[in-house]
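Reading the structure
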Amino acid sequence: MAKRFGGKYSPQSGSEPDGPPPRGQFDGARVEPAGARANVLFIPAIPLVFLSLNDGAIGMTMGLVAAGLLTAAAFLLREGLRAEAAYNARKTARRPAFPRKIFASILTGLGTALAAYRSEYLDAEAVGHASLLAPVLFGTAATVLHSVSFGFDPLKHKGMEGIDTFQQDRVARVVDDAEKHLTQMTDAIKRAGDRRIEARVERFQDTARDLFRTVEEDPRDLAGARKYLTVYLQGARDATVKFADVYARTRDGQALADYSALLDDLEQNFAARTRKMLLDDRSDLTVEIDVLRDRLQREGVRLD
């Protein structure tokens with residue numbers, strides 16, 4: 001009969017630990033959505049600027065404007081990719097209020113068309129006329145290729161059916177404030193100059209974001225989670241700022257131990273609150289199913 005291998009020095013020997021397993025180092029890690037293929041679009045504007053400096057007032061102006069349009073398009077594309085990644089990461093989300101990727105495609109086409117017309121204008125000084133056909137074709141091709149390469153922004157809400165939009169807006173405001181607290185924690189802990197404690201803060205932030213997503217999926221949980229998203233996170237941010245200042249100056253081991261213990265307590269409490277809300281949601285579903293079964297039985301529908 002098969003027997004599980006184990007021993008004194010084997011992992012998970014003895015009794016199984018209570019509660020969920022601890023998070024791994026890379027659990028919840030997020031990839032930067034605006035990668036090299038988006039950042040490389042900042043490059044075309046650079047040679048265009050330098051090539052335009054000796055082309056006279058009109059040629060230089062057109063070249064600089066075209067470079068500005070291409071740079072603005074690259075910025076919009078990067079922000080649009082990040083907004084799309086945030087949209088995809090959530091089960092319930094509103095469409096972006098400003099379609100950044102679509103406008104990035106339009107600006108790319110306009111910048112390309114103006115750069116092509118600049119070239120036509122400079123050549124017209126020799127041949128006597130400038131054609132608009134080539135700039136229009138180049139701009140249209142650039143717009144289409146940009147759209148095909150990076151796609152469009154999300155154009156509709158996701159998972160919003162049956163959700164009170166007023167409550168959803170309240171949740172969005174609270175979660176936005178909570179995200180600002182987490183961002184301030186990240187900025188503050190970098191001053192400590194210790195990569196291990198930075199990773200520890202990131203793990204706590206992943207646990208906090210699990211609570212954010214749970215509240216976003218069911219805005220009715222906001223009342224029970226509000227103090228976690230406001231009071232507790234604000235206290236964690238203030239403690240992080242003070243710890244970073246003290247630890248950067250003194251490298252006090254006791255301060256590091258106390259701060260790590262605080263993060264452990266906060267993470268356990270946030271995780272427990274998330275589990276409780278999920279259990280409450282499951283209980284509500286069970287009650288609704290039971291009520292529906294009773295109603296069907298009263299209507300004479302057999303449920304075998």
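Scoring rules and cut-offs
- Residues numbered from 1 in each chain as written.
- Predicted model: local features only at pLDDT ≥ 70, side-chain atom pairs only at ≥ 80, totals over all residues.
- Heavy atoms only, no water.
- Helix = DSSP H or I, 4+ residues; strand = E, 2+ residues; numbered from the N terminus.
- Buried < 20%, exposed > 50% of the residue type's maximum accessible area, 1.4 Å probe, protein only.
- Polar contact = N/O pair within 3.5 Å; in protein donor to acceptor, adjacent residues only side chain to side chain.
- Contact = heavy atoms within 4.5 Å.
- Phe/Tyr/Trp six-rings, centres within 6.5 Å; stacked < 30°, edge-to-face > 60°.
- Patch = residues over 30% accessible without salt bridge, like charges linked within 9 Å, V, L, I, M, F, W, Y side chains within 5 Å.
- Areas by Shrake-Rupley, 256 points an atom, 1.4 Å probe, with all protein chains shown as cover.
- Salt bridge = Lys/Arg side-chain N within 4 Å of Asp/Glu carboxyl O.
- Arc of directions from axis to C-beta.
- Axes fitted to C-alpha atoms, helices over the stretch in contact; angles between N-to-C directions.
- Parallel < 35°, antiparallel > 145°, perpendicular 65-115°, else oblique.
- Left-handed = near helix turned anticlockwise from the far one by under 90°.
- Nonpolar A, V, L, I, M, F, W, Y, C, P; charged D, E, K, R; others polar.
- Expected span 1.5 Å × (residues − 1).
- Core = buried A, V, L, I, M, F, W, Y, C linked by side-chain atoms within 4.5 Å.

With that settled, consider the side chain of Thr 274. As for its placement among the helices and strands, Thr 274 is situated in helix H9 (residues 253–298). Under the relative-accessibility criterion, Thr 274 is labelled buried at 9%. Within the structure, Thr 274 has its side chain in polar contact with the backbone oxygen of Phe 270 (distance 3.0 Å). With residues up to four places along the chain from it excluded, the contact list for Thr 274 reads Asp 210, Leu 211 and Thr 214.

Before going further, it helps to spend a moment on the packing of aromatic side chains. Throughout the structure, instances matching the rule amount to seven aromatic pairs. Relative to Phe 103, the ring of Phe 98 has its centre 4.8 Å away and its plane inclined at 20 degrees; by these criteria the two rings are stacked. Owing to a relative accessible area of 36%, Phe 103 belongs among the partly exposed residues under this scheme. By way of ring pairs, the aromatic residues Phe 204, Tyr 228, Tyr 232 and Phe 270 are connected into one cluster.

To continue, consider the environment of Arg 203. Mapping Arg 203 onto the fold places it in helix H7 (residues 195–217). The exposure class of Arg 203 is partly exposed, given its relative accessible area of 24%.

Below, the discussion takes up a nonpolar patch on the surface. A cluster of nonpolar side chains, contributed by Ile 46, Phe 50, Leu 53 and Leu 64, occupies part of the molecular surface with about 390 Å² of accessible area. Of note, Ile 46 is situated in helix H2 (residues 45–52). Note on Ile 46: relative accessible area 46%, which makes it partly exposed.

Here we come to the pattern of salt bridges. In this structure the tally under the stated criterion is 11 salt bridges. In this structure, Lys 101 engages Glu 84 in a salt bridge whose closest nitrogen and oxygen atoms are separated by 2.7 Å. Within this pair, whereas Lys 101 is found in helix H4 (residues 100–127), its partner Glu 84 is found in helix H3 (residues 56–89), the two being separated by 17 residues in sequence. Relative accessible area serves as the criterion here: at 2%, Lys 101 is assigned to the buried category.

Attention now goes to H2. Every buried residue of H2 is accounted for by Ala 45, Leu 48 and Ser 52. End-on view of H2: buried residues confined to an arc of 60 degrees, all on one side of the axis. Turned more than 90 degrees away from the buried face of H2, the exposed residues are Phe 50 and Leu 51.

Moving on: unusual backbone geometry. The backbone of Arg 251 sits at a positive phi, close to 55 degrees, despite the residue not being glycine. With respect to the helices, strands and loops of the structure, Arg 251 is situated in the loop between helix H8 (222–250) and H9. Residue class for Arg 251 comes out partly exposed when judged on its relative accessible area of 43%.

Our focus in this paragraph is the packing of H7 against H8. The interhelical angle for the contact between H7 and H8, taken along N-to-C directions, is 165 degrees, at an axis separation of 11 Å. As the angle between them shows, H7 and H8 are arranged roughly antiparallel. Where H7 crosses over H8, the two elements pack in a sense that is left-handed. Packed against H7, whose contacting residues are Ile 197, Phe 204, Leu 211, Phe 212 and Val 215, the element H8 presents Leu 222, Ala 225, Tyr 228, Leu 229, Leu 233, Ala 236 and Phe 243 at the interface.

Running from N to C, H2 and H3 cross one another at 170 degrees; their axes reach a closest spacing of 8 Å. In terms of axis orientation, H2 runs roughly antiparallel to H3. On H3, the residues touching Ala 45, Leu 48, Val 49 and Ser 52 of H2 are Gly 59, Met 60, Gly 63, Leu 64, Ala 66, Ala 67, Leu 70 and Thr 71. Grouping the amino acids of the contact of H2 with H3 by side-chain chemistry returns eight nonpolar, four polar and no charged.

Structurally, Arg 191 can be placed in the loop between helix H6 (165–189) and H7. Linking Arg 191 and Ala 248, residues 57 residues apart in sequence, is a C-alpha distance of 6.5 Å. Dropping the residues within four chain positions of it, Arg 191 is found in contact with Val 241, Ala 244, Asp 245 and Ala 248. One polar contact links Arg 191 to Asp 245, side chain to side chain, over a distance of 3.1 Å.

For H7, spanning 23 residues, the distance from its first C-alpha to its last is 33 Å, which sits close to the expected 33 Å at 1.5 Å a residue. Along H7, 17 of the 23 residues are buried, which leaves the element largely enclosed by surrounding structure. Capping of H7 at its N-terminal end is provided by Asp 194; its side-chain oxygen lies 2.9 Å from the backbone amide nitrogen of Arg 196.

What follows is about the nonpolar core. Core analysis: the largest hydrophobic core is formed by 31 residues, its most contacted members being Phe 204, Leu 211, Phe 212, Phe 243, Tyr 259 and Phe 270. For this core, the elements supplying multiple residues, two or more each, are H6, H7, H8 and H9. Top contributing element to this core by residue count: H8, with nine residues.

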